[in-house]
Amino acid sequence: MKNTIIIKKNYEFKNLFSKGKFYYGEYIHIYIKENTSNYNKIGIAISGKQGKAVDRNRAKRLIREAYKNLEEHIKKGNSFLIIINKDVKIEELTYNNVEKNMRKTIDKANLLIK
RNA sequence: AAAGUAAAUUGAGUAGUCGCUGAUGAUACUCGAAAGGGUACAUGAGAGGAAAGUCCGGGCUCCAUAGAGCAAAGAUACUUGAUAACGUCAAGCGAGGGUGACCUCAGGGAAAGUGCAACAGAAAAUAACAACCAUAAAUAUUAUGGUUCAGGUGAAAAGGUGAGGUAAAAGCUCACCAGCAUUGCAGUGAUGCAGUGGCUGUGUAAACCCUAUCUGGAGCAACACCUUAAAUGAAAAUAAAAGUGCUCGUCUUUUAUUUAAUAGAUUUUAUGAGUGGCUUGAAAUAUAUAGCAAUAUAUAUUCUAGAUAAAUGACUAUUCGCGACAGAACCCGGCUUAUAGAUUUACUUUAACU
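These lines cover the structure that appears in this document, whether it is placed above or below. (Residues numbered from 1 in each chain as written. Chains lettered and ligands numbered in written order. Predicted model: local features only at pLDDT ≥ 70, side-chain atom pairs only at ≥ 80, totals over all residues. Heavy atoms only, no water.)

**Considerations on the side chain of T105**
Within the secondary structure, T105 sits in helix α3 (residues 95-108). Residue classification places T105 among the buried residues on the basis of a relative accessible area of 2%. A polar side-chain atom of T105 sits 2.6 Å from the main-chain carbonyl oxygen of N101. If we ignore the near neighbours within four places in the chain, the residues touching T105 are Y23, Y24, G25, I28 and I30. (Helix = DSSP H or I, 4+ residues; strand = E, 2+ residues; numbered from the N terminus. Buried < 20%, exposed > 50% of the residue type's maximum accessible area, 1.4 Å probe, protein only. Polar contact = N/O pair within 3.5 Å; in protein donor to acceptor, adjacent residues only side chain to side chain. Contact = heavy atoms within 4.5 Å.)

**Brief notes about α3**
The terminal C-alpha atoms of α3 lie 20 Å apart, and with 14 residues this matches the ideal 20 Å at 1.5 Å per residue to within 8%. All of the buried residues in α3 are V98, E99, N101, M102, T105 and I106. Buried-residue contacts for α3 involve β2 (21-23), β3 (28-34), α2 (53-70) and β5 (78-84). Immediately downstream of α3, the backbone of N110 shows phi near 60 degrees, a positive value. (Expected span 1.5 Å × (residues − 1).)

**Overview of the nonpolar core**
Membership of the largest hydrophobic core comes to 26 residues, with the highest contact counts inside it found for F80, L93, M102 and I106. Mapped by element, the contributors of at least two residues to this core are β3, β4 (40-45), α2, β5 and α3. Looking at this core element by element, the count peaks at 6 residues for α2. Look past the residues within four positions of L93 in its chain and what remains in contact with it is Y27, A59, L62, I84, V88 and V98. Counting 5 residues, the second largest nonpolar core, distinct from the first, contains F13, L16, Y31 and I83. (Core = buried A, V, L, I, M, F, W, Y, C linked by side-chain atoms within 4.5 Å.)

Printed below as a string of structure tokens:
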């Protein structure tokens, strides 16, 4: 992920939750907000209630992998905060589902380069 | 061969493409006065048997010292050994279970004291309802004395079974068994075996309690360093107060008073970011020696995750038995709980054959 920074600070997460625009997806939801830099920022948030450590790790890996493959097609200068839909069991997630859903959801926000 | 018992190992493999986190570098480019940093590339490494629960025991850090005594609270409880230590482990003892291999155990003290023992029953620990026997009265019974065998109740009924004995009976006497005390022998010891004695004293300590041993508290979000901001203003003596439940001893801090000194440092708190702590250790593997074993000692070899919104993945192909429980977070030794399947070793019983 050459042009992307992973969000690490707690206040950045809070900021995105409160001020980002919410986009609904079948498997994942995304909060999106513009930032002033030339980079994209991405954060992944999964609560402890949604699964055990192994499941949460797997979900993060799938999302990170999907984002990596989509990175070239996304416009720069935005922050993303990705959340798993609470109605979906993490065991049912696959790479193909996550990637298609992420592409659709980001397309709703008109941030895909076509 | 079937059924079982115990112990140990393993926890999908291979190839390709893209990617993640540390480490190393006489490499290339780049920032910088330098120290050093960044990017690329190359090399090699990268989750578990439970990483989990956070239930015990240690290391390490801070709480002034981690010192002594007392109190309180908690933990442990057959013996000997192992260990840094343990509530863990090993080998034994005792009790119970299983045809057996083997398994299970809140396994100190009830003769220090207090409490409790529902219902039933005459009576639940100063026992006497009904019954049996003797004597007297007088006669469908009553009174006094002896006895506690047989009866029913109950988780438990005042040692058990049998014989003698008696008016009727009873450890009243005897034999065997059980329990208690004591002596001898064997064993380091728990304990076992044998003898002797008197003839008994219920259960409950997963009720209080007693005895012995052990335990100061909080935790890596510990703690140390750096930057920024704000506040304060140094030393000595005396007194008071404070510093973990209490007391004592030493030490420290704060406040007040007095005295001395006169300028470049000191201290505390809060906020924010980062670095260290952080992985060479009661380490792993192999061999030898000692020991029944847990384990110890010696020698040789090896370095084997170190993240911090948190690194092991995705896709494709392929093989099989079609993949369970599950993700390091300061580090070790255990315990407990979860776990698809596969493999190995030793042993037991039953059946068949030789």
